[in-house]
Structure formats: structure tokens, C-alpha cells
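Residue-level structural notes
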Amino acid sequence: MASSGSSRHHKVIIVGAGFNGIVAAKTYLQVDPSTDVLIVDGESEIGGVWSASRIYPGLMYEMPAPLLNFSDFNMCKELGIEMWGDVRGDQVNDFLVRYSQKFDIIKRCMLNTHVDSVERNGIGWKVLVRPARDEKGSLTTLTCDKLIVATGITSKPRIADYDLSKFGGFSFHPIEMGRRHKELVADSVHHVTIIGGHKSALEAVGTCAQAGKQVEWLIKEDGGGPTWLMPSKNPDGSSLAKMSTKRAMSVLSASIYNSSRWIDRFLHSGRWWLGTWIVTWFWGFMTRQVQQDKYTKSENGRRLKPTPESMFWFVPGGTITHDRDLETLRLIDEEKLVRVSRAHMVSVSGHEVKLSNSQSFNTDAIVMCTGWELSSRPIFSPTLAYDVGLPADPSVVPDVEKQHWKILDLAAEKQVLETYPILANPPSNVHIPKSALTPYRLFRFMVPIKMAARGDNTLIFLGNYANGRVQATAEINSLWGVAYLEGLLPPLTSALLRNQKAMEKDIAYIESFRNKRYLNCFPYRLSIFETPEYDDLILKDLGLRPDRKRMNIPSGWRGCFGLRAWVAEWFEGYFAEDYEGIVDEFLKSVGRIPGKPKP
Ligand SMILES: Cc1cc2nc3c(=O)[nH]c(=O)nc-3n(C[C@H](O)[C@H](O)[C@H](O)COP(=O)(O)OP(=O)(O)OC[C@H]3O[C@@H](n4cnc5c(N)ncnc54)[C@H](O)[C@@H]3O)c2cc1C
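The model shown is predicted, which means the values in this text are computed figures rather than measured ones.

1. Looking at the site of the ligand
Around the ligand lies a shell of 27 residues, among which Asn-20, Asp-41, Val-49, Glu-62 and Val-115 are the nearest. The side chain of Asn-20 places a nitrogen or oxygen atom 2.8 Å from an oxygen atom of the ligand. In the environment of the ligand, an oxygen atom lies 3.1 Å from a nitrogen or oxygen atom belonging to the side chain of Trp-50. In isolation the ligand offers 980 Å² of accessible surface; the protein chains occlude 90% of this area. For the shell around the ligand, the secondary structure elements donating two or more residues are α1 (19-31) and β6 (113-121). The greatest single-element share of the shell around the ligand, amounting to 3 residues, is contributed by β6. Its residues placed into classes, the shell around the ligand shows 10 nonpolar, 13 polar and 4 charged.

As C-alpha cells, then:
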């Protein structure tokens, strides 16, 4: 479609007004308050996954309140939520709106505007936009010097290829749950089919069963299987999620970012029986803590048991069960309203569904909790997508590059398996899906390597390092991203960013580790336990100290000669508050005065 021709220029355009886009805008303005920043988003409100139109009753944030805090905006204080309390979807939305208001971000947002495509425009970028939900709407051209893509990894639904053309009811993906929730729980709906084995499926089952509907929950036989259902609290009342924020956990989990430490070699190399025993015992203990008697109370419950025996493999991810989910699990075990089947639909006609296990039933609605597409950024042409390091169709990849990456990937795999022999023997009963697309190849999960190597620092991706501590990582990554775009990174990091070979090797190594460690958390791999160490790496790149707790503990006898700091660093959780003031600290380190525009 032709552009309308009108064109507006901004210094920075951010695509996406979710957590990552908003934090990026706020950080840019902190680094240089005079920056002309525009955020473009297709939704009618800010918030992305947590925007008002996408949330629905029953949607919960996985993690407890402190993991949502920003370093300078505390959820518990703002919303009066207790310290380790559960957080509802509408509270996340409220929090994010207040954050955006506090930092005056909302006036910089261009909502209801879909980005159709982005193209090079000399040394900058051209962003072609149209009114959202109007495929035929005329295109407007925006231009910018710097482009930040924060479009989220859960923006493009994956729709399984069931033939629903003869279905007499209605069906949708949970991306529409906010808009269609009322339709689903309406009196006219009696039977609902939920497809999928993850968080969205559990929530959809809960929504329907708690509204008195008959629910058929289908989890296909050969997929990743049901997700681990993890209690929000350990039996001793402590938070399970808190564990993921401790450095000690990254050691027990195997972390790619510090694999050369003696402790990692001791625990994971397989050469020390005591080390191997500690790791095996720990993950056995964790598995029992999480399983409890959850999968033994009913036939339905037994069908929800995850495939691998040990949680070490974390296949296929996990979901935290909140109070509302506990009621759902009770209904599941009661087996009156809910039936769980490890089967897939073979046909749908009228209201009748036939399954692969020969059962059939009638249904009024189908909710397809079938996940997300890897290529959630169709705003780049396939060739440009590959060039900047996004998943792309292999047909656009020149043969010489295919060969180049094959060699790098094989060497990386060898190195990973030598470091972590346990990863060579995944559970045999786990289905490992393969993507038809090339993998993400962004340095530090943010930077297009070819562009960086030739000194073109005009594009950055944020939000690709999926983890359970989104906000802290968003702040740290945003600072790194803005520093990169503004040419403020320290000389050592800048030198690394000019070294394409070193970046390629690093990417191949990390990608190979993630492929082996998070077997089928597909299409995106959620990093859990190595997150504090990834954040450390980003801080070190910025020239900032990663041991934030040690910085605040006195030395000498009051700090018991370093022992207090050591314990805090390894065994206390790391939260956004630990990173308070990093933007100012960084600005001072590069000779800038915080709060002042760029000279
Ligand atoms: C149902 C659900 C529950 C989740 N629960 C949790 C949880 O409990 N804890 C957790 O840590 N994470 C959770 N996640 C992961 C989620 O990705 C993060 O919580 C967080 O929302 C990521 O923020 P983001 O800014 O990267 O992306 P998003 O929140 O997805 O925001 C991306 C934005 O980009 C916009 N956009 C995309 N493409 C275009 C385009 N072409 N034009 C214009 N705008 C565009 C979208 O409209 C969206 O507003 C959940 C995800 C889903 C789907």
C-alpha cells in the first residue's frame, strides 16, 4: 500500500508501549531530558500484555509484588499490596499507568497506531504506520534517527492448524481474552474446550469452571506436556519465586555466564561425585516441594503431571498457582466440571469435537491457548530481519552464512557439553520442538551484530531476554540500550561491539546453552536462574559494579570482614531496588550531569 506521503521526524521512535517500551522512554529522558521520543503502539492503551483491553478477571501476575517493583517506583507502597502478596492483572495495569504518569510518558505515546513496516532511511529509519485494526487504512511515514523495537515476545498468537470452518461455536486465542471474556462466561455457553498446557490454559480452565461451565481441557500427547504447577509459597511460608532472584540459585542451576568458576566446575562437570550428588539431591528436593501430592489425587491430576521426572529440566516451564488457581485445581480433582485429556482434536463439525483418543463431545467455544509465534516482528522484511538478527526464513540466508553459523554452532555445542555434561543427556521422553526459522542472533539479546560492527548504532531490541524479573532487567537493559544508541558505552565494551567475530561466538555459545538447558520452552526460552548473572554482565558492560549489596555494607569488623557482604551477595534476593540510581551513577561515570540535556 502506498504511503500518504506526509512525514514526521523524531529523534527516537520506540515501537511498543509495554513494560520495555515505557522503561526505555523513561530512561532515554533521564539520560537526555531534551530527547524527542515517540512511542507507537497498536493498542488503545499503554501496557502491552497488561493493557486495559488485554487483562481479564482471573489474570494474575506470576510473580509476587516485589518482583514487579521498579528501582524508583515501589508497587507495594503505590498500591498497598503486602510484601510477598499476589498481584492481579488489573493491579499490574494500574501500576504501569501510574509509573507512566509519574514520568510523563503518556503524552509521548501515539496509540491505536499499528507499525506496518520499518525500512532504512539513509542513516536513520523510516517507520510506516497505519490506524490499528484497519488493514486498508492509509500509511503515514514517520522517520527517526534511533529506533527501539520493544514489540514483546507474546504479541503474535500461534494458531494451531485445526480446521474450524465447520465449527458451529466460537473460538479465540487468549490474546483476545480481555475483549471476549464476557462472551465466554455468558449463560448461552455451557461447554468449553481449552487447548494447551500452560498458564493461559490453566487460567482459562479456571475462568470457565468457576463460572459453572463444563470444561474439556486438551493437552496434546506429543507436545511439551503440562507446565509445572508451582505453589507461590514453600511449605515454610517463604516465596518460591524469591529463590530465582538469588545468585546461589544460578550456581545450582548451571549458568552460562559464569561457567569457569571453580564452584560451577565442581557441581556440574561430572568429575566430582559430591558436586553431582549435591545438584541431583537439590533438584530432587525441589521437584518434591513443587509436586507435593498434586498429581496423585485424581485421574485428571495424574494427566497434569509434567513429563520429565526432575524439575532441573524445567520443561516445559512453570506457572505459579495463586489462590484462584488452587480453587481451579480443586475443581479439576473433583472431576465433575472438568475433564483433562492428553489428546488432540481430530475434527470439529457443528458443535461436535472428535479427539485422537476416540472420545467425542459437544462444545460451544474453543480457547486456543497454543502459544506465540517466534517471528513476532513482521515489521521487518525477511531479508532485513535476518540481517539484524531476528528469526527469519532460512531461504533468505546466503549459503555461505548458513555454513558459517553451522561451524560456529557446532563448536559452541561442543564447548557447552564439555562444560555441562549433564546437558548431553536430556530426559528421553521430552519432545524437543524445532523451529523452521533461524534463531535470534542479537548480541546481549539487544544488538544487531553486523550493524554494531560497522559502527551503525541506530537500532536496538528490548524485551528479548525473557525472565521472571522483567522490571529490573528492563531498567538495566534500557540503560545499556540508550548508552549504546548514544555512543556512551565505555571503550572496552565499544571495542567488543566492533568485533563481529567475538560477538558471533558469544551468541552461538549462549544460544547453544539455552537450546540444551531449556529444552522445549518454545518459541521463546525463559531464563530463570541465571538472570542475576545476565544483569551483572550488562552492568559490567556499562562500567558499573554488579555487586550492589556489597556496595552498601560497611567493610571491616562491622561487615565482619566481608562475610556479611558475601552472604548478602549470594543468598539474598536481588530486586529492582538494588539497582536504584544506576542511571545517575552511569551518567556521572561518563562525565555527564544527571538531569541536564546532552551538551
Ligand atoms: C497472558 C500472559 C501472561 C504473562 N504473565 C507474565 C507474568 O506473570 N510474569 C512475567 O514476568 N511475564 C509474564 N508474561 C510475559 C510478558 O511478556 C511480560 O510480562 C511483559 O509484558 C513484557 O513486556 P514487553 O514490553 O516486552 O512486551 P508487551 O507487554 O508484549 O508489549 C509489546 C507492545 O508492542 C505492541 N506492538 C507489537 N507489535 C506492534 C506493531 N507492529 N505496531 C504497533 N505496536 C506493536 C503491542 O501492542 C504491545 O503493546 C506474560 C505474558 C502473557 C501473554
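2. Description of the packing of α1 against helix α3 (residues 89-102)
Following both chains from N to C, one finds α1 and α3 inclined at 20°, their axes separated by 11 Å at the closest point. On the basis of the axis angle, α1 is roughly parallel to α3. The interaxial crossing formed by α1 with α3 has left-handed handedness. Residue-level inspection shows Phe-19, Ile-22, Val-23 and Lys-26 of α1 in contact with α3, the latter providing Val-92, Leu-96, Tyr-99 and Ser-100.

3. Some remarks on the nonpolar core
Among the nonpolar cores identified, the biggest contains 170 residues, and Leu-147, Ile-194, Trp-217, Phe-380, Trp-480 and Leu-542 are the most heavily contacted of them. Element by element, the count of residues in this core is highest for helix α15 (residues 470-485), at 9 residues. Among residues more than four places away in sequence, those in contact with Leu-542 are Ile-476, Leu-479, Trp-480, Ala-483, Leu-489, Pro-490 and Phe-586. Counting residues in hydrophobic clusters, the runner-up holds 11 residues, among them Leu-218, Val-348, Leu-355 and Phe-361.

4. Remarks on helix α11 (residues 323-334)
Here α11 is 12 residues long and its end C-alpha atoms lie 17 Å apart, about the 16 Å a rise of 1.5 Å per residue gives. Check the buried side of α11 and you find it contacts α5 (199-209), β11 (214-218), β12 (228-231), α10 (299-303), β13 (318-321) and β14 (338-341). At the C-terminal side of α11, Glu-335 shows a positive phi close to 60°.

5. Side note on the pattern of salt bridges
Tallied over the entire structure, the rule returns 39 salt bridges. Salt-bridge contacts for Arg-98 lead to Asp-94; the nearest nitrogen and oxygen are separated by 3.3 Å. Here Arg-98 pairs with Asp-94, and both are found in helix α3, just 4 residues apart, close to one helical turn. The class of Arg-98 is partly exposed, set by a relative accessible area of 31%.

6. Examining the UniProt feature "domain: FAD/NAD(P)-binding" (unreviewed entry) in the protein chain
The UniProt record marks residues 11-218 with the feature "domain: FAD/NAD(P)-binding" (unreviewed entry), using the residue numbering of this structure. Helix makes up 25% of residues 11-218 and strand 27%, whereas the separation of the span's terminal C-alpha atoms amounts to 49 Å.

7. Structural notes on the sheet that holds strand β17 (residues 360-362)
The sheet built from 3 strands is open, its strands ordered β15-β16-β17 with antiparallel pairing. Strand pairing shows two members of the sheet lacking a second neighbour, β15 (345-349) and β17, which therefore form its edges. Averaged over all neighbouring strand pairs, the angle between strand axes comes to 20°, with direction disregarded. Alignment of strand β16 (residues 352-355) against β17, held across 3 bridges, turns out to be antiparallel. When the sheet's bridge partners are listed, Val-353 is paired in β17 with Phe-361.

8. Focus: the sheet that holds strand β18 (residues 365-368)
Strand order in the open sheet made by the 5 strands is β9-β18-β10-β11-β14, with parallel pairing throughout. Each end of this open sheet is capped by a strand with a single partner; those strands are β9 (170-172) and β14. For this sheet, the mean angle separating the axes of adjacent strands, direction not counted, is 15°. Sitting on the sheet, helix α4 (residues 177-184) is in contact with β9, β10 (191-195) and β18, with an inclination near 150° to β9.

9. With respect to the environment of Asn-258
Examined against the element boundaries, Asn-258 turns out to sit in the loop between α7 (247-253) and α8 (262-268). With 279 residues separating them along the chain, Asn-258 and Leu-537 place their C-alpha atoms 9.8 Å apart. Discounting chain neighbours no more than four positions away, the residues touching Asn-258 are Asp-264 and Glu-533.

Parameters and conventions
- Counting restarts for each chain: residues are numbered from 1 in the order of the written sequence.
- This being a predicted model, a pLDDT of at least 70 is required before a residue's local features are given, and a value of 80 or more before pairs of side-chain atoms are given or counted; all residues contribute to the totals for chains, interfaces and linings.
- No hydrogens and no water enter the side-chain calculation; it runs on all heavy atoms of the structure.
- Throughout, the term near means that a residue has one or more heavy atoms lying within 4 Å of the molecule or strand in question.
- We call two N or O atoms a polar contact when they sit within 3.5 Å, provided that within protein one can donate a hydrogen and the other can accept it, with sequence-adjacent residues counted only if both atoms are side-chain atoms.
- Throughout, the Shrake-Rupley method with a 1.4 Å probe supplies accessible areas, and for residues the shown protein chains are the sole cover considered.
- Helix and strand assignments follow DSSP, with helices taken as H or I runs no shorter than four residues and strands as E runs no shorter than two, numbered in order from the N terminus.
- Throughout this entry, Asp, Glu, Lys and Arg are counted as charged residues, while Ala, Val, Leu, Ile, Met, Phe, Trp, Tyr, Cys and Pro are counted as nonpolar. The remaining residues, Gly among them, count as polar.
- To define axes, lines are fitted to C-alpha atoms, for helices over the stretch in contact only, and angles between the resulting N-to-C directions are given on a 0 to 180 degree scale.
- Each angle gets one of four labels, with under 35 degrees taken as roughly parallel, over 145 as roughly antiparallel, 65 to 115 as roughly perpendicular, and the rest as oblique.
- Each crossing gets its handedness from the near helix: less than a right angle anticlockwise from the far helix is left-handed, clockwise is right-handed.
- Contacts were defined at the residue level, with two residues in contact if any of their heavy atoms lie within 4.5 Å.
- Among the buried residues, those of types Ala, Val, Leu, Ile, Met, Phe, Trp, Tyr and Cys that are joined through side-chain atoms within 4.5 Å form a nonpolar core.
- When accessible area is computed with a 1.4 Å probe and restricted to protein chains, residues below 20% of their type maximum are described as buried, those above 50% as exposed, and intermediate ones as partly exposed.
- By definition here, a helix of n residues has an expected span of 1.5 Å times n minus one.
- The working definition used for a salt bridge is a side-chain nitrogen of Lys or Arg within 4 Å of a carboxyl oxygen of Asp or Glu.
- UniProt positions are given in the numbering used here, feature names are shortened, and annotations may be inferred rather than shown by experiment.
- Any two strands between which DSSP finds at least two bridges are classified as paired.

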